[in-house]
Amino acid sequence: MKKAIAFLMVLCMLLGVSALAESDTLVIYFSCTGTTKGVAEKLANVTGADLYEIVPAIPYTEEDLNYNDRSTRASSEQNHPDTRPEIGGEDIDLTGYSTVFIGYPIWWGEEPRILCTFVESHDFTGMTVIPFCTSGSSGIGRSGDDLAALAGTGNWLEGARHDGGISGDELLAWVNGLKQQ
């Protein structure tokens, strides 16, 4: 517990956060195959953050995610930038959070459109927001900037791509290396 509190103090200093309570940090993620979920869970564990999953109202099937078929649901959504898939499950109130990590897979070089739905539906005023993505080969690209523009609020830091096999220690080193922009 002492180690977690010390880490949170360092994180708060790096991000310019004044409160030290664990509940001030939130890891939000969207994951279809489990890769982003695994990274998000590790990140929440090493930061002592709360965890929230963005759940689509209509779950994605394996067929929906077939990257070789341009007629699949995910392909169609990515080909239409104004598409906003509906979010299912319980919404989250971001009140009280000062640091928010947002994780997602990279689809066709971009954030999945359900992330657009999420950020346009929430107010990030007064929060430091750090995007992260998972991908087998693609980088984070402009996805973090795109989400920041759609959100219109919050202090969005430059994000990073993480491999699904990243360790907790590697994630902690990334968090410790963040600098407020």
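If you're wondering where the values come from, they're calculated on a predicted model, not measured in any experiment.

Rules used in this analysis
Residues numbered from 1 in each chain as written. Predicted model: local features only at pLDDT ≥ 70, side-chain atom pairs only at ≥ 80, totals over all residues. Heavy atoms only, no water. Helix = DSSP H or I, 4+ residues; strand = E, 2+ residues; numbered from the N terminus. Buried < 20%, exposed > 50% of the residue type's maximum accessible area, 1.4 Å probe, protein only. Contact = heavy atoms within 4.5 Å. Areas by Shrake-Rupley, 256 points an atom, 1.4 Å probe, with all protein chains shown as cover. Phe/Tyr/Trp six-rings, centres within 6.5 Å; stacked < 30°, edge-to-face > 60°. Polar contact = N/O pair within 3.5 Å; in protein donor to acceptor, adjacent residues only side chain to side chain. Salt bridge = Lys/Arg side-chain N within 4 Å of Asp/Glu carboxyl O. Pairing = 2+ DSSP bridges. Right-handed = clockwise from strand over helix to strand, strands pointing away.

Participant: Looking at this model, I keep getting lost on the overall build of the chain. Mind explaining?
Facilitator: From N to C terminus, the chain includes 6 helices and 8 strands. Secondary structure of the chain in N-to-C order comes out as α-β-α-β-β-α-β-β-α-β-α-β-β-α. With 181 residues in all, the chain has 47% of them scored as buried. Sequence-distant contacts, at least 24 apart, represent 78% of the contacts inside the chain between residues at least 6 apart. Accessible surface computed for the chain: about 8800 Å², of which carbon and sulfur atoms make up 50%.

Participant: Please clarify how the packing of aromatic side chains should be interpreted in this entry.
Facilitator: Any two aromatic rings considered together are summarised by their centre-to-centre distance and by the angle between their planes. All chains considered together, the criterion is met by 9 aromatic pairs. Judged by centre distance (6.1 Å) and plane angle (35°), the rings of Tyr52 and Phe118 are tilted. Of this pair, Tyr52 sits in strand E2 (residues 50-53) while Phe118 sits in helix H4 (residues 113-120), placing them 66 residues apart in sequence. When sorted by exposure, Tyr52 lands in the same class as Phe118, which is buried.

Participant: I would appreciate a short explanation of the environment of Leu51 in the present structure.
Facilitator: Its location among the elements puts Leu51 in strand E2. The spacing of Leu51 and Glu41 is 10 residues in sequence and 7.3 Å in space, taken between C-alpha atoms. Here Leu51 is in contact with Leu26, Val27, Tyr29, Ala40, Glu41 and Ala44, once residues within four sequence places are set aside.

Participant: Mind showing me how you'd approach the side chain of Thr134 here?
Facilitator: As for its position among the elements, Thr134 is in strand E6 (residues 128-134). At a separation of 2.5 Å, a polar atom in the side chain of Thr134 contacts the side chain of Thr36. If near-sequence neighbours (up to four positions away) are discounted, Thr134 is found in contact with Thr35, Thr36, Val39, Tyr104, Pro105, Ile106 and His162.

Participant: What is the right way to look at the environment of Trp174 in this model?
Facilitator: Residue position: Trp174 is located in helix H6 (residues 168-176). Sequence-wise, Trp174 and Ala160 are 14 residues apart; in three dimensions their C-alpha atoms are separated by 8.8 Å.

Participant: So what exactly am I meant to see when it comes to the pattern of salt bridges here?
Facilitator: It is possible for side chains of opposite charge to pair when their charged atoms get near one another. By the definition in use, this model includes 8 salt bridges. Residues Glu110 and Arg113 are paired through a salt bridge, measuring 2.7 Å at the closest nitrogen-oxygen approach. Of the residues examined, Glu110 reaches a relative accessible area of 15% and is grouped as buried. The salt bridge involving Glu111 is made with Arg113; its shortest N-O contact spans 3.9 Å. Of the two residues, Glu111 and Arg113, neither departs from the other in class, the shared state being buried. Connected via shared salt-bridge partners are Glu110, Glu111, Arg113, Arg142 and Asp146.

Participant: I'm lost on the pairing of strand E1 (residues 25-29) in this one. Help?
Facilitator: Within a regular beta strand, the side chains point alternately toward one face of the sheet and then the other, so they alternate between its two faces. Counting buried positions along E1 yields 5 of 5 residues, so the element is predominantly enclosed. Side chains of E1 alternate between two faces, with Thr25, Val27 and Tyr29 and Leu26 and Ile28 buried alike. Here E1 pairs with E2 via 4 bridges, running parallel. Its bridge partner lying in E2, Val27 is registered against Leu51. Note on the crossover from E1 through helix H2 (residues 35-47) to E2: the handedness is right-handed.

Participant: Can you walk me through the pairing of E6 in this structure?
Facilitator: Burial runs high along E6: 7 of the 7 residues are buried. Here E6 shows a buried face lined by Thr128, Ile130, Phe132 and Thr134 and a second buried face lined by Val129, Pro131 and Cys133. Examined bridge by bridge, strand E5 (residues 99-105) and E6 share 7 bridges and lie parallel to one another. Residue pairing across strands places Pro105 opposite Thr134, the latter belonging to E6. Read as a crossover between parallel neighbours, the route from E5 over H4 to E6 is right-handed. Judged from the 2 bridges that link them, E6 and strand E7 (residues 155-156) form a sheet pairing that is parallel. Of the residues in E7, the one forming a bridge with Val129 is Trp156. Sheet topology places E6 next to strand E8 (residues 160-162); 3 bridges connect them, and they run parallel. Among the inter-strand pairings, Phe132 is bridged to a residue of E8, identified as Ala160.

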